[in-house]
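These are the residues of each chain, in order.
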Amino acid sequence: MAIEELDKKGTAYLQGIQGLNYLGKMSGYKTPMNILKSYLKTNGKRKTLYLKFNDGELDEVVKGVYQLKVNPSDKNFLNDLRDELEDNGEDIDKTKTKPGQTITFKSGFQLYLSGRPLRNVIDESGQPVGAKTPTNDQQEDGFIINLKAGKLLEQSVINNKIDFQFGKDWYNSFTQSFAGFTNKIISKSKLSQYEFYRDSDPKKLKMLNQITDPAILPSSKDNWNPSDVWAVKISEKGDLEKEIGKLHKARIDNKNVSIERINKFIETQFKNKNLIGISLKQVLGTTAKVDKITKDAKYINSVKFLGFKGKMDYNVLKTYFDINVKMSCIKNDTLDYLFRFRPRAASDARTNNGEGRLSGSGPADGAIDKKNVLSVLLPNADNITSEKYGKSKTVNEAIDFLVSKNKQKYKGLQTWVNKGKYKFLKISNLDKKADDKDIRRGLLNLNYAYLIDTYRDQKELYKKFYLAAKKVNEFSSIHYKISG
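Residues numbered from 1 in each chain as written. Predicted model: local features only at pLDDT ≥ 70, side-chain atom pairs only at ≥ 80, totals over all residues. Heavy atoms only, no water.

Caption draft 1: Focus on the overall build of the protein chain. Within the protein chain, the secondary structure is distributed over 16 helices and 21 strands. Here the C-alpha radius of gyration of the protein chain, 24 Å, is about what a compact globule of 484 residues would show, namely 23 Å. Each principal axis of the C-alpha distribution contributes one length, and for the protein chain these read about 70 × 65 × 40 Å. Sorting the 484 residues of the protein chain into buried and exposed places 54% on the buried side. For the protein chain, long-range pairs separated by at least 24 residues make up 68% of all intrachain contacts whose partners lie at least 6 apart in sequence. Carbon and sulfur atoms make up 46% of the accessible area of the protein chain, which totals about 22600 Å². Distance from the positive charge centre (85 side chains) to the negative charge centre (59 side chains) of the protein chain: 3 Å. (Helix = DSSP H or I, 4+ residues; strand = E, 2+ residues; numbered from the N terminus. Rg over C-alpha atoms; globule rule 2.2 N^0.38 Å. Buried < 20%, exposed > 50% of the residue type's maximum accessible area, 1.4 Å probe, protein only. Contact = heavy atoms within 4.5 Å. Areas by Shrake-Rupley, 256 points an atom, 1.4 Å probe, with all protein chains shown as cover. Lys, Arg positive; Asp, Glu negative; His and termini not counted. Charge placed at Lys NZ, Arg CZ, Asp CG, Glu CD.)

Caption draft 2: Seen up close, the sheet that holds strand S11 (residues 229-233). Strand order in this open sheet of five strands is S10-S11-S12-S21-S13, and the pairing throughout is mixed. Every other strand in the sheet has two partners, leaving strand S10 (194-198) and strand S13 (289-293) as the edge strands with one partner each. When the angles between neighbouring strand axes are averaged without regard to direction, this sheet yields 25 degrees. In this structure, S11 lies alongside strand S12 (residues 275-280), joined through four bridges in antiparallel fashion. Across the sheet, residue Ala231 finds its bridge partner in S12, namely Ile276. Contacting S10, S11 and S12, helix H9 (residues 237-253) runs over the sheet at an angle of about 115 degrees to S11. (Pairing = 2+ DSSP bridges. Axes fitted to C-alpha atoms, helices over the stretch in contact; angles between N-to-C directions.)

Caption draft 3: Inspection of the side chain of Asn396 at higher detail. Here Asn396 shows up in helix H13 (residues 395-405). The class for Asn396 is buried, based on a relative accessible area of 14%. Dropping the residues within four chain positions of it, Asn396 is found in contact with Val417, Asn418, Leu430 and Asp431.

Caption draft 4: Region of the structure containing the environment of Met33. Following the sequence through the fold, Met33 ends up in helix H2 (residues 30-39). For the pair formed by Met33 and Asn315, sequence separation is 282 residues and the distance between their alpha carbons is 21 Å. In contact with Met33, not counting residues within four places along its chain, are Leu20, Leu23, Gly24, Leu68 and Phe109.

Caption draft 5: Structural view of the packing of helix H1 (residues 16-24) against H2. Across the interface, H1 lies against H2 with an axial gap of 8 Å and an inter-helix angle of 160 degrees. When the interaxial angle is binned, H1 and H2 end up roughly antiparallel. As H1 runs across H2, the sense of the crossing is left-handed. Facing H1, whose interface residues are Ile17, Leu20, Asn21, Leu23 and Gly24, H2 presents Lys30, Met33, Leu36 and Lys37. Partitioning the contact of H1 with H2 into residue classes produces five nonpolar, two polar and two charged. (Parallel < 35°, antiparallel > 145°, perpendicular 65-115°, else oblique. Left-handed = near helix turned anticlockwise from the far one by under 90°. Nonpolar A, V, L, I, M, F, W, Y, C, P; charged D, E, K, R; others polar.)

Below is the structure:
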């Protein structure tokens, strides 16, 4: 990529690794840019980071500060980047920071949350492109429009119809997803027999709003069924509307009507190809994977925890901890998998969340359901954040203080920490001085690690974590997942 390709008049951007490499060559920026590159090495979200230029020069948005935009707007990703940089010694300049919007680091750059489409972009391959930050709705509509047309449309046609300039990466995703869909789900010759709806569209069919109504679901909609697109067979619409209307009313009127009854209906219609839900992930490779996600007994019984794969070097003041495991299932004799636990509201750290992913992969498979899995397996694990720690200056001092006030409640945690033998972690900095926020977060993560490490049935625990991340909860419903 030649910097000369950037527009010399007005604002322009370098995408992902291109921007990090460029800024990293400047004096004082190599270390923080290497931290980001290491963290984002296998993460597709790196392409949502853009280094800002103005009139062909790096844009000094504040004196001595250059800007990396996070676009489209993703607060969780912004906070993940902040936490990773802080964990590796980068200090925040609080005088130039607006939490949740702009995070400025003392080394001379800021992360800025942006929602507007970007123009004048040089992508990671060094090619000038148009806007490359579609919203979720635009991503899904860009795929659905091909299904409605009954064929893969030209890139320019999709761009015009969606009113968005998709880049090569998104057109590749639409191409591979369409091929996977028509090969494995509904053949091209039968697409005209269906109507297709985006799940996030509130104007979708009334019956689709009914079947995804939070009032009838045991957990969040995505924990029950993460479908982004619904395919409805036209000839069956009338019968589907009647049956779903009856189910919805019965569930609203009588909470004893089980979710299994609804799931059985979804499964029957899925198998008869009358109502099909599809979860979409951007396809970055040359082929789309199409998986049927189901909680059938054969698959669930095949999932097994085989053991741990190494121990994470865990700085107790770090924002998260990982558990690296080996799993197996009917599709894989063995696979390396990672569970990550992290307080989402990192500045407050009052509750912990978990997610699962293949080791070394980018996007997570999904969150571990908080209400029906984490809170059941690890009850009251978050309560430690409501405790007072006195004048404790380290995590160890805080644990000792808690035991002095409530020996029965926290003696087990103290004994486990002091023993120093952990199944999946190597813990450090227990005696390092820290502020109240870091101590509270450290205690929260340690309490989770302790409860997980000492759980009586390790095989069952990790099996439930894995199935929850894969959206195969006990209450989940059948759907397809397109990824790659």
